Every structure is written in C-alpha cells, then in structure tokens.
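Results of the structural survey
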Amino acid sequence: MTSHNLIAPSAITRILALLFLLFTTTQAAHAAPKKSFAEELDALGANFSEYMNQQDFVAVLNLFDTQQLASSVSDQLELTGKFRKDFETGMLQSLNSPQWLRNFLQQDTPTFISKGARKIDGKYRAIVRIDYETGGHNFLELLCKRNQAGELKIVDFFIATTGQNVVATLVDTSALLLKQQSGVVAKLIAAYQGEENLQQKIKQINELRSQGKFAEAHNILQSLPDSVRDSEIIVSMSIMLSSNISDELYRADLNRLAKLYGDKPRFSFMLIDHYFYEEDFTNALKATGIMQKRYGTDAALLNLQGRLLHLDGKGKKGNKALEAAIKAEPYTIDAYWSLMEFYAADKQFQLAVDTMSRMESQFDYTFSIEDFDTSDPTMAALVNSDAFKQKVGTP
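This write-up is about the structure you can find in this document. (Residues numbered from 1 in each chain as written. Predicted model: local features only at pLDDT ≥ 70, side-chain atom pairs only at ≥ 80, totals over all residues. Heavy atoms only, no water.)

1. Digging into the sheet that holds strand β2 (residues 123–131)
Pairing within the open sheet is antiparallel, and its five strands lie in the order β1-β2-β3-β4-β5. Since the sheet does not close on itself, it has two edges, and those belong to β1 (111–120) and β5 (164–165), each with one partner. In the sheet, strand β4 (residues 152–159) pairs with β5 via two bridges, with the strands oriented antiparallel. Bridging from a neighbouring strand, Ile159 pairs with Gln164 of β5. (Pairing = 2+ DSSP bridges. Helix = DSSP H or I, 4+ residues; strand = E, 2+ residues; numbered from the N terminus.)

Following this line, the structure appears as structure tokens:
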C-alpha cells in the first residue's frame, strides 16, 4: 500500500473548488471512426456547444461522467482507502457544481462551435472551438467514454490555451496540495514542504483574480519557490494572469514557457503569441501548422496562417489561406477583414473594395465611411482611394 503525508480531505474539497475556478477561464487526417461512434461524438460536441451558448450548465453537466473524471485523478495520484473516497467526494462537489462552467463566460461572451470528431494521440475526441467576442480563439478537446449504461460521456477535456487536460491539471495541483511523496508526480513537489502556505496562496490568488486584481495575484504566484513556479501548471497559471495585466509581463511569461517547455507540441497554441512578439514568423507558422494538423480545416487557424504569411512577406500564400478560411466557413468575417486589410496595405484598392462587396453580399450589410478607422494609415489610404470613393463616397 502506498503511504502518503496528506492534508485533511475537507481542505481538499475547498481547494479543488478554487482550482476549478482558476483553470477554466482562460494531427494529420485519419480515416473516420465507425459511423455510429462518429455520429455520437459529433452530437455530443454539438450539444455541448449549444448548451454552453445557452448557458444551460445543468444540461452541460449531464454530458459528463464526473465520477470517472474524479477516479482518473485518484488513480494517477495512487490514492487508496478512505482517503481516496473522501478525496473523490470533495472533488465531485466541485465537478457537479455549475460554477466552474460559468467561469468560461466570466470575462467575455464566447461562442462555442462544434468542429466534429478528430483522432488525436490515438483517441477520438469531440472538438469545440471557442470564439471570443473581443477577439481570439480557444479549442477544447472532449475525451469521451461509455458509462455502465452504455451512454457516451465526457471524462476529460484538453484546453488549448493551457496545454493540459483537466485531469492532468488536477493531478498536478492536487499533488502540490497533498504533498504526495510517491507516484508519478513526486518530482514536482519534492522540494516544497509548505503545503498549508501553498493552500493559502492559491486561495489568495483566486480571490484576487475574481476581483480583477490580476497584478496582485501574479505577484503572489511569483513568490512561490522555483521548483513549484517552474512547473507546467504554475507557468500556465502565470500566463493566464499576466495576459490580463500587461504585454510586458505576458511576453515574459510566454518566454519562460518557451524556454522550459517549448519543445512540447501541446503548448504550440500558447506559444504562437510568443513567436509573433519575437517576429519569429517561421516558428509561428510551424506552431499554427501543428494546430491545423490537430484540428483539421478551420477558418480561425487559416485566418491566423494567412496573417502570419503576410507578415512573413508571403502575400500570395497568405491570400490563398484567407480565401481557404472563407471557403471553409463562409460566415467567418475575420478572414474577409484580413483580406481587405492586406489588399489595402498592398495598395490593391480595387481588390479591397471587391472584398467589401463580397462582405456586403454575405452579411447583408452596407458599408459607410464610419466603418473605417482613418487614424490607421492603411485604412486612411483605402478610404481616400478612387475605388473606395466610387463605391462608398467621398470622406
């Protein structure tokens, strides 16, 4: 039997609730699986997206097998006996509460879009893209298994902007709190003995974050010992906080991620921003390519690829990627705007205006001069072009 130096289960219950709030804010094509299973995965992903868009969190929770998720965490921590039972009871109190799902919607109004089933790392997953109202995207990979009743349920999910599965996140954070002395996470926590102090710091970080005091929360995080602060889970947490503080801190945290874990493909999505800041468009495009292999044809990724290709001086290839984005998802307005912007930047004003006409037809909209920020030199040049004046009028 594995021995443990453990904190009280009641404390675990409280901390797990905090952790769920903290971590949920922020491949080449294969032959399709058996049709019936593919259809089930597609339906599950579609239902998840629909319920999240409706903010029907009770319905979303019904798609999960939370007991299986909790058991997976216990298995990896090698918990046994009464403590395992108490640990899972505490975890289920958090998993069965809709609060952690609400946290996806705290700082933005995202739209969840089902992207079908993909085989990733040997397992079929339902893919969901999250489009944020203020810009930006995220991806979820829903890992599913059948329960004893034969129903397909979500038992884990991967979040692209953290680079981790939720089960792995809970294992790592629980290990820190449990002061686990054996098993797969022993190295992570061997150098840190102040588990009660860590609990208090995590609680402070969560409270400050919920109040929008991201800088104060980030400062507390930076006070952790290096052995903890440089762990994958804490580095990811730091990035989530710094992205709400300043570009300088965000870039510093991304740089740390690149140095410590840049060779891990699952962090590719997180590191695209880092490569962009460094003007390393080769690696930014490489990371985008990894995501495209993972998720297949996707308008958001094609739009990103197109913009990066333009910045890398490959305008024709960039336009081709942007047109592919429009073909993949005709209602993806970002790709139209990107195409129009780059045509204008290249002083191909007629092509920019033609793109405007396509947008008007697609989205039943009529452009006016007020739609363009003329403080931007590129947009000012477009607005003052003969092609624009013929279509819209004189400024």
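Here the narrative resumes.
2. Points about the environment of Ile113
Position of Ile113 among the secondary structure elements: in strand β1. Distance in space between the C-alpha atoms of Ile113 and Phe139 is 9.4 Å, their sequence separation being 26 residues.

3. Side note on helix α17 (residues 315–328)
Compared with an ideal rise of 1.5 Å per residue, which puts 14 residues at 20 Å, α17 spans 20 Å between its outermost C-alpha atoms and is within 8% of the ideal. Here α17 has its buried residues at Gly318, Asn319, Ala321, Leu322, Ala325 and Ile326. One side of α17 holds all its buried residues, which, seen down the axis, span an arc of 160 degrees. Turned more than 90 degrees from where α17 packs its buried face, Lys316, Lys317, Lys320 and Lys327 sit exposed. For α17, the secondary structure elements touched by its buried residues are α16 (299–311), α18 (333–345) and α19 (349–363). (Expected span 1.5 Å × (residues − 1). Buried < 20%, exposed > 50% of the residue type's maximum accessible area, 1.4 Å probe, protein only. Arc of directions from axis to C-beta. Contact = heavy atoms within 4.5 Å.)

4. A word on the nonpolar core
Of all hydrophobic cores here, the largest spans 38 residues; its most connected members are Phe48, Val73, Leu140, Leu142, Ile154 and Phe157. Among all residues touching Phe48, those that are not within four sequence positions of it are Val60, Leu63, Phe64, Phe112, Val128, Leu140, Leu142 and Ile154. In this structure, Phe158, Val235, Leu271 and Met291 belong to the second largest nonpolar core, which totals 27 residues. (Core = buried A, V, L, I, M, F, W, Y, C linked by side-chain atoms within 4.5 Å.)

5. Section: the environment of Phe267
Assignment of secondary structure puts Phe267 in the loop between α13 (247–261) and α14 (268–277). Between the C-alpha atom of Phe267 and that of Thr161, which follows or precedes it by 106 residues, the distance is 7.8 Å. Sequence-distant contacts of Phe267, defined by excluding residues within four places in its chain, comprise Thr162, Gly163, Glu232, Ser236, Leu257 and Tyr261.

6. Let's talk about the packing of α14 against helix α15 (residues 281–295)
Geometrically, a packed helix pair is captured by the angle between its two axes and the distance between the axes. Taken N-terminus to C-terminus, the directions of α14 and α15 make an angle of 160 degrees; their axes are 8 Å apart at the nearest point. By the angle class used here, α14 and α15 are roughly antiparallel. Crossing of α14 against α15: the hand is left-handed. Residues Ser268, Phe269, Ile272, Tyr275 and Phe276 of α14 pack against Phe281, Asn283, Ala284, Ala287, Thr288, Ile290 and Met291 of α15. Considering only residue class, the contact of α14 with α15 consists of nine nonpolar, three polar and no charged. (Axes fitted to C-alpha atoms, helices over the stretch in contact; angles between N-to-C directions. Parallel < 35°, antiparallel > 145°, perpendicular 65-115°, else oblique. Left-handed = near helix turned anticlockwise from the far one by under 90°. Nonpolar A, V, L, I, M, F, W, Y, C, P; charged D, E, K, R; others polar.)

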